[in-house]
Amino acid sequence: MCDDPIYYSMKTLQLFIILSICTIDKNISQKCETGISERVDTIITFDTETKVEEIKILKFHNVYMNVDPCDSPAKLFIANESSATVSQIRELSSLEFRCNGQYQREWENEWKIVSFQMVLFKAKRSTKTLTNPGSQFTTENLNFLAELKPGDKIAFEKIILQHPQKGEATAGFSLRVQ
């Protein structure tokens, strides 16, 4: 063993630097929640020639990730795991990103989901990974969601988020089927 006080001073300094980096790195803590939500949109169209007004009410069932704060999210972060019933999962149509509780609309220069991977863990079966462009689930994703049973798990990985001014971030979270 070395009795040199400089040796121990250097080791202590190395440990201090490592601990400082870990506490400064904002990738370690990111306040995120996930869950299932229902959004109702109303679309009203009016034909000026026929004077006919058409009203459509659309319901969207989404799995969401809410980040707080999202002015400067970590470049890579993992959100909390949540759970949903089989019937809720079968109604899902998209992945939604929220900042401080507010839904991000692509047309307002907010955060946009570029793509994500959905990893499906079914009991006694090998995992299956599906890549999805954008936030709307592909037909392949929807077909697989229809087959899920209680005890299965879905991991949303490599969620690529992009913002016109704030750059790019990557996120992930999981959803347990009840």
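Please refer to the structure higher up on the page.
Criteria and cut-off values
Residues numbered from 1 in each chain as written. Predicted model: local features only at pLDDT ≥ 70, side-chain atom pairs only at ≥ 80, totals over all residues. Heavy atoms only, no water. Helix = DSSP H or I, 4+ residues; strand = E, 2+ residues; numbered from the N terminus. Contact = heavy atoms within 4.5 Å. Areas by Shrake-Rupley, 256 points an atom, 1.4 Å probe, with all protein chains shown as cover. Polar contact = N/O pair within 3.5 Å; in protein donor to acceptor, adjacent residues only side chain to side chain. Salt bridge = Lys/Arg side-chain N within 4 Å of Asp/Glu carboxyl O. Buried < 20%, exposed > 50% of the residue type's maximum accessible area, 1.4 Å probe, protein only. Pairing = 2+ DSSP bridges. Phe/Tyr/Trp six-rings, centres within 6.5 Å; stacked < 30°, edge-to-face > 60°. Lys NZ or Arg CZ within 6 Å of the ring centre and 35° of its normal.

Caption draft 1: Broad picture of the overall build of the protein. Per the secondary structure count, the protein includes 3 helices and 10 strands. Each helix and strand of the protein, placed in order from N terminus to C terminus, yields the pattern α-β-β-β-β-α-β-β-β-β-α-β-β. Counted over contacts in the protein with a minimum sequence separation of 6, partners at least 24 positions apart contribute 63%. Within the structure as shown, the protein displays about 11300 Å² of accessible surface, and the carbon and sulfur contribution to it stands at 55%.

Caption draft 2: Up close: the side chain of Ser 82. With respect to the element layout, Ser 82 can be found in strand S4 (residues 82-84). At 3.1 Å, the side chain of Ser 82 forms a polar contact with the side chain of Thr 34. Aside from chain neighbours lying at most four places away, what touches Ser 82 is Thr 34, Gly 35, Ser 174, Leu 175 and Arg 176.

Caption draft 3: Summary view of the pattern of salt bridges. Counted according to the given criterion, the structure contains 6 salt bridges. Residues Glu 81 and Lys 153 are paired through a salt bridge, measuring 3.2 Å at the closest nitrogen-oxygen approach. In this pair, Glu 81 sits in the loop between strand S3 (76-78) and S4 while Lys 153 sits in strand S9 (residues 153-163), placing the two residues 72 residues apart along the sequence. In this structure Glu 81 comes out as partly exposed when scored by relative accessible area, which is 41%. Linked through salt bridges whose partners overlap, the residues forming this network are Arg 39, Asp 41, Glu 96 and Arg 98.

Caption draft 4: Highlighting the pairing of strand S7 (residues 112-121). Relative to S9, S7 runs antiparallel, the two sharing 8 bridges. Across the sheet, the residue bridging to Gln 117 is Glu 157, located in S9. Connecting S7 to the next strand, strand S8 (residues 128-133), in antiparallel fashion are 6 residues, including Lys 124 with a positive phi near 60°.

Caption draft 5: Just unusual backbone geometry, in detail. The phi torsion at Asn 100 lies on the positive side, around 50°, for a residue other than glycine. The residue Asn 100 is located in the loop between strand S5 (94-99) and strand S6 (102-103) in this model. Under the relative-accessibility criterion, Asn 100 is labelled partly exposed at 43%. The backbone of Lys 158 shows a phi angle near 50°, a positive value even though the residue is not glycine. Note that Lys 158 resides in strand S9. Exposure remark for Lys 158: the relative accessible area of 51% places this residue in the exposed category.

Caption draft 6: Here's a closer look at the environment of Thr 131. With respect to the helices and strands, Thr 131 occurs in strand S8. Separated by 25 residues in the primary sequence, Thr 131 and Phe 156 place their C-alpha atoms 9.9 Å from one another. Discounting chain neighbours no more than four positions away, the residues touching Thr 131 are Phe 116 and Gln 117.

Caption draft 7: Examining the packing of aromatic side chains more closely. Under the counting rule described, the total for this entry stands at 5 aromatic pairs. Ring geometry for Phe 156 and Phe 173: centres 4.9 Å apart, planes at 25°, overall stacked. With Phe 156 in strand S9 and Phe 173 in strand S10 (residues 167-177), this residue pair connects regions lying 17 residues apart in the sequence. The same class applies to Phe 156 and to Phe 173, which are both buried. An aromatic cluster of three or more residues is present, and its members are Phe 116, Phe 137, Phe 156 and Phe 173. Above the ring of Tyr 103, the side-chain terminus of Arg 39 is found at 4.4 Å from the ring centroid. Looking at Arg 98, its charged tip hangs above the ring of Tyr 64, at a distance of 4.0 Å from the centre.

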